[in-house]
Number of protein chains: 2
Amino acid sequence: MSEQLSRGGANGNRKPSATIYDIARELELSPSTVSRALNKPGRIAAKTERRIRDAAAKLGYRGNPMARSLPTGRTRMLGLVVSDVTNPVFFRLVRGAEKACSELGYTLVLAESQESGELEYGTLDRLLPAVDGVVLAAARLEDDQIHQIAASTDVVLINRRVGELSAIVPDIDDGVAQAIDHLATLGHTSIAYLAGPAISWMSRERGERVFEHAVARGMIFVEIGPTSPDLVGGQSALRRVHASGMSAVLAYNDLMAIGLLRACRAEGIDVPGDLSIMGFDDIFGADLTTPALTTVRSPLDRAGDAAVRSLVATLDGIEPAAADPLPTEIVVRESTAAPH
Amino acid sequence: MSEQLSRGGANGNRKPSATIYDIARELELSPSTVSRALNKPGRIAAKTERRIRDAAAKLGYRGNPMARSLPTGRTRMLGLVVSDVTNPVFFRLVRGAEKACSELGYTLVLAESQESGELEYGTLDRLLPAVDGVVLAAARLEDDQIHQIAASTDVVLINRRVGELSAIVPDIDDGVAQAIDHLATLGHTSIAYLAGPAISWMSRERGERVFEHAVARGMIFVEIGPTSPDLVGGQSALRRVHASGMSAVLAYNDLMAIGLLRACRAEGIDVPGDLSIMGFDDIFGADLTTPALTTVRSPLDRAGDAAVRSLVATLDGIEPAAADPLPTEIVVRESTAAPH
DNA sequence: CGCCTCATGGCAATCGGTTGCGATATGGAA
DNA sequence: TTCCATATCGCAACCGATTGCCATGAGGCG
């Protein structure tokens, strides 16, 4: 009548899953043999391996991930740190990373790093020791915080360069060139760049590229901001944008562009008649607005995929293959037109 | 000149983090004392505990999660399974779950269960043994698959009821009542419900509620579908909707409603003039469309939060507090008006 | 026929904690 | 002063794997 000790919480009537010891006993073998048969194909006689695999299947054996990672130090888990889970920019990114992880036999752990202070004693503190590496897509983190993270685990950055850390950065230049070309062709001679947060590497990068291409085209260029990279950021920038007298605006991201769009509508400013607006990323919802947003599409899903693969390669001690460029391109919709 | 063995991947020049053994040696104590001092406050003499905590801080001790979970069987990780990471319905849900986990000292692992076949030998297979419990927000899973999962770990469902499994389901009735009232007040006498996938419990539930309230109001009611719960699903349903002659449509979710909206626009059907359209959930983007979508808002963030808290309570052996109702309410925007 | 090699499988240490139980002070009561 | 209860800490087993090294036996070769 001895009651089975149920470890941890409710649902006590759950049979603890089989271990390699169960298999070993069943077959009168040593646990080490079972371990090898299951992980190092060929190390054990083919016949024995067969028997072991069959027994494992029969007993419903699932290796205990914790037990495995204790001696090896590898958890086969990867972290993905984003600054804001509800930001639609990350959706395709998460999807790409998730798929790659799944294909490579890894598990993806998603974390949010809203305030930078959270780095200490927060989610990241719990995350870092549990993963083999992290993909950082958190624009809000300071450079030295990133170095700090990189000191304790392998890191791959997305949309950002910090020191020599490996990074996946889509080739902005293509897209920006196309965007400026698009606007110039429409007849615009002046353009404003609506910057995101000052800390954002990507915001600065995009601003820089827009600047370069604009002046190369002989266009007037101004930069407005910095602002928060969301709807309200875009919304609140309208007065400054309007005051600048530019006929076209390129916002740091789609969220800001959409915010600006809405503010224009509220103020009775015609888009694209009075003002052409473009964004970056082509997030979900960019084609839902009226007018639908013209934007520079970023291959975020591919970036997520590439980041994970690069990370896993480094973990395996392989020099990560030089990632192919990840080109960007513009998606022309309705928010851009000839100025009048 | 003995080279330090770097376990696992690159970045070999990383100092392995301190263990309780390091602390014990430093203080000439036993590891077990260190362990207790750190986890069972009061179990050890206050003075000793102080010394241990100080030493731990000094050495930068971070407990090894794998090592801890091996004897205890608990990983302090929770899984969140959704059917589609890129579906904006889940964003607020993820956010809510993430925050709750963080507050409770748990780590959230996000997983996608697109095809049901993936249940075997897929992401879930790797996830399940690694977490203490899962929150299931995956409408695509079959009932018996859910039971199968529940057999091996603790489970909390969101937006769905299966057997006696604990579930967080917002109170649809409020919202639907308000919706029907809204439409009736506008003068509508007929209404169509655009159903999602047949397998979706929530789709059936919403349809049922709409049906009840519509007939209670003496309205004509038809159900159209089932369809895929996304933009194309809504888009492709336009002809059937139109053919039905109803003056108002309530779609299973906002994605479908928006798809329908777009199709209407493409076909020159005036919304809300010719047709009033409503959705469910109030996802990101629902207020971006033209006309902006009137919808029944679901408190998804609170649902995520509640699910996690309920799950953790069960894990702690506490009877989860009866969750407060999670009411729904309509958000009136521009896609509904009096029929003509 | 003898020796060497290689394939095969077992032993035992190890990863970093947790925890039941026992040993040793320590202080208070009698 | 003696005895006992209690507070404090250590011993050692255990969680479920991995892995270096060794023992055994079989087969190949001269």
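Residues numbered from 1 in each chain as written. Chains lettered and ligands numbered in written order. Predicted model: local features only at pLDDT ≥ 70, side-chain atom pairs only at ≥ 80, totals over all residues. Heavy atoms only, no water.

If you look chain A up in an unreviewed UniProt entry, it shows as LacI family transcriptional regulator from Phytoactinopolyspora halotolerans.

Colleague: Can you lay out the sheet that holds strand 8 (residues 248-251) of chain B for me, pointing to particular residues and giving the numbers?
Modeller: All names here are of chain B. Overall, mixed pairing links the six strands, which are arranged 7-6-8-9-10-11 in an open sheet. On the outer flanks of this sheet lie strand 7 (220-224) and strand 11 (329-331), each paired with one strand and no other. Within this sheet the neighbouring strands show an average axis-to-axis angle of 25 degrees, counted without direction. In terms of strand pairing, strand 6 (residues 190-194) meets strand 7 through five bridges, oriented parallel. Residue Y193 lies in a different strand from strand 7, and its bridge partner there is E223. Lying over the sheet, helix 12 (residues 254-267) contacts strand 6, strand 8, strand 9 (276-281) and strand 10 (294-297), oriented at roughly 155 degrees with respect to strand 9. (Pairing = 2+ DSSP bridges. Helix = DSSP H or I, 4+ residues; strand = E, 2+ residues; numbered from the N terminus. Axes fitted to C-alpha atoms, helices over the stretch in contact; angles between N-to-C directions. Contact = heavy atoms within 4.5 Å.)

Colleague: Which residues make up the side chain of H188 of chain B, and what values go with them?
Modeller: Residues and elements named next belong to chain B. Mapped onto the elements of the fold, H188 is located in the loop between helix 8 (172-186) and strand 6. A distance of 2.7 Å separates polar atoms of two side chains, one belonging to H188 and the other to S247. A distance of 3.1 Å separates a polar atom in the side chain of H188 from a polar atom in the side chain of S276. Residues in contact with H188, not counting those within four places in the same chain, are L183, M219, S247, A248, S276, A337, A338 and P339. (Polar contact = N/O pair within 3.5 Å; in protein donor to acceptor, adjacent residues only side chain to side chain.)

Colleague: Break down the interface of chain B and chain A for me, with residues and values.
Modeller: Taken residue by residue, the interface counts 63 residues in chain B and 63 residues in chain A. Remark: the boundary between chain B and chain A carries eight salt bridges. Where D287 of chain A meets R262 of chain B, a salt bridge forms, and the shortest distance between an N and an O atom there is 2.3 Å. At the surface where chain B touches chain A, the tally comes to 15 residue pairs in polar contact (both at pLDDT 80 or more). Here the element with the most residues in the side of chain B that touches chain A is helix 4 (residues 65-72) of chain B; it accounts for seven residues. (Salt bridge = Lys/Arg side-chain N within 4 Å of Asp/Glu carboxyl O.)

Colleague: Go over the protein's contact with DNA strand D, please, and point to the residues and values.
Modeller: The local shell around DNA strand D holds 29 residues, among which S35 and K40 of chain A together with T33, R36 and T48 of chain B are the closest. At 2.8 Å from a phosphate oxygen of DNA strand D is found a side-chain nitrogen or oxygen belonging to Y61 of chain A. Mapped onto the surface near DNA strand D, the elements with two or more residues apiece are helix 1 (20-27), helix 2 (31-39) and helix 4 (65-72) of chain A together with helix 2 (31-39) and helix 4 of chain B. The element that contributes the greatest number of residues to the surface near DNA strand D is helix 4 of chain A, accounting for five residues. (Near = heavy atom within 4 Å.)

Colleague: Explain the protein's contact with DNA strand C residue by residue, including any values.
Modeller: Near DNA strand C you find 29 residues, and of these T33, R36 and T48 of chain A together with Y21 and S35 of chain B are the closest. Of all DNA strand C atoms lying within 4 Å of any protein atom, the proportion belonging to sugar or phosphate reaches 53%. A67 of chain B places a main-chain nitrogen or oxygen 3.2 Å from a base nitrogen of DNA strand C. Counting only elements with at least two residues in the surface near DNA strand C, the list comes to helix 2 and helix 4 of chain A together with helix 1 (20-27), helix 2 and helix 4 of chain B. Here the surface near DNA strand C takes five residues from helix 4 of chain B, the largest share from any one element.

Colleague: Can you break down the packing of aromatic side chains residue by residue, with the values?
Modeller: All names here are of chain A. Taken as a whole and assessed by the stated rule, the structure comprises three aromatic pairs over all chains. A ring pair is formed by F211 and F221, whose centres lie 5.2 Å apart and whose planes are at 70 degrees; its orientation type is edge-to-face. With F211 in helix 9 (residues 201-216) and F221 in strand 7 (residues 220-224), this pair connects stretches of sequence that are 10 residues apart. When its relative accessible area of 34% is taken as the criterion, F211 is described as partly exposed. A residue is classified by how much of its surface remains accessible, and F221, at 18% relative accessible area, is buried. It is R76 that lies over the ring of Y106; its NZ or CZ is 4.5 Å from the centre. (Phe/Tyr/Trp six-rings, centres within 6.5 Å; stacked < 30°, edge-to-face > 60°. Buried < 20%, exposed > 50% of the residue type's maximum accessible area, 1.4 Å probe, protein only. Lys NZ or Arg CZ within 6 Å of the ring centre and 35° of its normal.)

Colleague: I'd like a description of the environment of E142 of chain A, backed by residues and values.
Modeller: Residue and element names in this part refer to chain A. Tracing the sequence through the fold places E142 in the loop between strand 3 (133-137) and helix 7 (143-152). On the basis of relative accessible area, E142 is assigned to the partly exposed category, the value being 40%. When the C-alpha atoms of E142 and G268 are compared, they prove to be 39 Å apart, with 126 residues separating the residues in sequence.

Colleague: How would you explain the pairing of strand 1 (residues 77-82) of chain A if you had to name every residue and give the values?
Modeller: Regular strands place side chains that alternate from one sheet face to the opposite one. Residue and element names in this part refer to chain A. Where burial is concerned, most of strand 1 is hidden: six out of the six residues are buried. Burial along strand 1 is two-sided: the face carrying M77, G79 and V81 and the face carrying L78, L80 and V82 are both buried. Note that strand 1 and strand 2 (residues 107-112) share six bridges and pair parallel. Considered in strand 2, the bridge of M77 is made with T107.

Colleague: So, helix 8 (residues 172-186) of chain A: which residues are in play, and what are the values?
Modeller: All names here are of chain A. Its 15 residues give helix 8 an end-to-end C-alpha distance of 21 Å, which sits within 8% of 21 Å, the value for a rise of 1.5 Å per residue. Within helix 8, the full set of buried residues consists of I172, G175, V176, A179, I180, H182 and L183. All buried residues of helix 8 fall inside an arc of 155 degrees around its axis, so they share one side. In this structure, the buried side of helix 8 is in contact with strand 6 (190-194), helix 9, strand 8 (248-251), strand 9 (276-281), strand 10 (294-297) and strand 11 (329-331). For helix 8, the side-chain oxygen to backbone nitrogen distance between the N-cap and D173 is 3.2 Å, and the N-cap itself is D171. Count one or two residues on from helix 8 and you reach G187, which has phi positive near 110 degrees. (Expected span 1.5 Å × (residues − 1). Arc of directions from axis to C-beta.)

Colleague: Let's hear about the relation of the copies chain B and chain A: which residues, and what values?
Modeller: Between chain B and chain A, which share one sequence, the superposing operator has a rotation angle of 180 degrees and an axial displacement of 0.1 Å; the RMSD is 0.1 Å. Taken together, these values place the two copies in the relation of a two-fold axis. When the interface residues of chain B are mapped onto chain A, 100% of them again fall at the interface, so both copies present the same face. (Least-squares fit on C-alpha atoms with pLDDT ≥ 70 in both.)

Colleague: I'd love a proper account of the pattern of salt bridges, names of residues and values included.
Modeller: Applying the stated rule across the entire model yields 36 salt bridges over all chains. Across the pair D316 of chain A and R74 of chain A runs a salt bridge, and its minimum N-O distance is 3.5 Å. You can see D316 of chain A sitting in the loop between helix 13 (300-315) and strand 11 and its partner R74 of chain A sitting in the loop between helix 4 and strand 1, a full 242 residues away along the chain. For R74 of chain A, a relative accessible area of 21% translates into the label partly exposed. The partner of R95 of chain A in a salt bridge is E112 of chain B, and the shortest N-O contact between them spans 3.0 Å. Of the two residues, R95 of chain A sits in helix 5 (residues 89-104) while E112 of chain B sits in strand 2 (residues 107-112), which places them in two different chains. Considered together, R95 of chain A and E112 of chain B belong to a single accessibility category, that of buried residues. A single network of salt bridges, built from pairs that share partners, joins R74, D132 and D316 of chain A.

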